Amino acid sequence: MKKTLATAAGIVLIALSGSAFADEQLEIGQKIYERAFGRGCGTCHDIASNPQLPANIKAGTLTRASFEKILKEGKGGMPVAIAEIMKNKAVEKAGYGEDQAVDALFAYISSK
Ligand code: HEC
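Let me begin by describing the structure that accompanies this report. Note that the coordinates shown come from a computational prediction; the quantities given were computed from them, not determined experimentally.

Describing the site of the ligand
Around the ligand, the surrounding shell holds 21 residues, and the nearest of these are Cys41, Cys44, His45, Asn56 and Met78. His45 places a side-chain nitrogen or oxygen 2.8 Å from a nitrogen atom of the ligand. A distance of 2.8 Å is found between an oxygen atom of the ligand and a side-chain nitrogen or oxygen belonging to Asn56. The set of elements that each furnish at least two residues to the shell around the ligand consists of helix 2 (42-45), helix 3 (53-59) and helix 4 (64-73). At three residues, helix 4 tops the list of elements feeding residues into the shell around the ligand. Considering only residue class, the shell around the ligand consists of 14 nonpolar, five polar and two charged.

Here we look at the nonpolar core
A general tendency of soluble globular proteins is for nonpolar side chains to be buried together. Judged by nonpolar contacts, the single largest core of 23 residues is most densely connected at Phe67, Leu105 and Ile109. Counting residues per element, the ones that place at least two in this core are helix 1 (2-35), helix 3, helix 4, helix 5 (82-86), helix 6 (89-94) and helix 7 (98-111). Top element by residues in this core is helix 7. It accounts for seven residues. When near neighbours in sequence (up to four residues on either side) are disregarded, Phe67 contacts Leu62, Val102, Leu105, Phe106 and Ile109.

Points about the coordination of the iron atom of the ligand
Protein coordination of the iron atom of the ligand is provided by His45 (NE2) and Met78 (SD), with donor distances spanning 2.0 Å. If you look at the iron atom of the ligand, its six donor atoms make angles of 88 to 179° with each other, and the shape they trace is octahedral. Separated by 33 residues along the polypeptide, His45 in helix 2 and Met78 in the loop between helix 4 and helix 5 bring together distant segments of the chain. When its relative accessible area of 22% is taken as the criterion, Met78 is described as partly exposed.

What to know about helix 4
The set of residues buried in helix 4 consists of Phe67, Glu68 and Leu71. Projected down its long axis, helix 4 carries its buried residues within an arc of 95°, all on one side. For helix 4, the exposed residues lying more than 90 degrees away from the buried face are Ala65 and Glu73. Its buried side turned inward, helix 4 meets helix 5 and helix 7. Downstream of helix 4 by a residue or two, Gly74 has a phi angle that is positive, lying close to 70°.

Details of the packing of helix 4 against helix 7
Where helix 4 contacts helix 7, the axes come no closer than 11 Å and their chain directions differ by 115°. Between helix 4 and helix 7 lies a crossing whose hand is right-handed. Counting all contacts with helix 4, which are made through Arg64, Phe67, Glu68, Leu71 and Lys72, the residues of helix 7 involved are Glu98, Asp99, Val102, Asp103, Leu105, Phe106 and Ile109. Of the residues that constitute the contact of helix 4 with helix 7, the class distribution is six nonpolar, no polar and six charged.

Definitions and cut-offs
- Residues numbered from 1 in each chain as written.
- Predicted model: local features only at pLDDT ≥ 70, side-chain atom pairs only at ≥ 80, totals over all residues.
- Heavy atoms only, no water.
- Near = heavy atom within 4 Å.
- Polar contact = N/O pair within 3.5 Å; in protein donor to acceptor, adjacent residues only side chain to side chain.
- Helix = DSSP H or I, 4+ residues; strand = E, 2+ residues; numbered from the N terminus.
- Nonpolar A, V, L, I, M, F, W, Y, C, P; charged D, E, K, R; others polar.
- Core = buried A, V, L, I, M, F, W, Y, C linked by side-chain atoms within 4.5 Å.
- Buried < 20%, exposed > 50% of the residue type's maximum accessible area, 1.4 Å probe, protein only.
- Contact = heavy atoms within 4.5 Å.
- Donors = N, O, S within 2.8 Å, 3.2 Å for Na, K, Ca; no water.
- Tetrahedral: all angles 85-135°; square planar, octahedral: opposite > 155°, others 65-115°.
- Arc of directions from axis to C-beta.
- Axes fitted to C-alpha atoms, helices over the stretch in contact; angles between N-to-C directions.
- Left-handed = near helix turned anticlockwise from the far one by under 90°.

Here it is, written out as structure tokens:
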């Protein structure tokens, strides 16, 4: 019985830390989205004539790999963004590397 309780408590703890991680990731993704280039990605991307990122992710036309490539290389009117992302205060504070920061931003945009 005691063992069962301990196991149950362990499972609850693991579940809680998993969701705390997901919350932190989305929060950091949101901060990048709102603050990159001082005005956020949305100044351009929340305008209908520019690519609609959440819709493109949902449609499967914008993958995690192409997302990362565009952030690192830019494309037409899209500026190179990786340096901006890495100097975001929330990213620095969390000690995220490039992969983690791009994951967080991708997760946030996917959740929009
Ligand atoms: C100055 C305006 C501007 C800002 C700021 C901007 N973008 Fe863009 N972005 C564009 C434009 C314009 C395109 C379309 C480029 C093309 O296809 O020639 C684009 C394209 C993209 C694409 C490719 C979309 C697709 O489905 O092909 C991604 C991904 C993207 N931007 C992500 C971001 C993210 C993330 C940020 C914030 C870190 C950001 N952009 C900030 C203007 C901007």
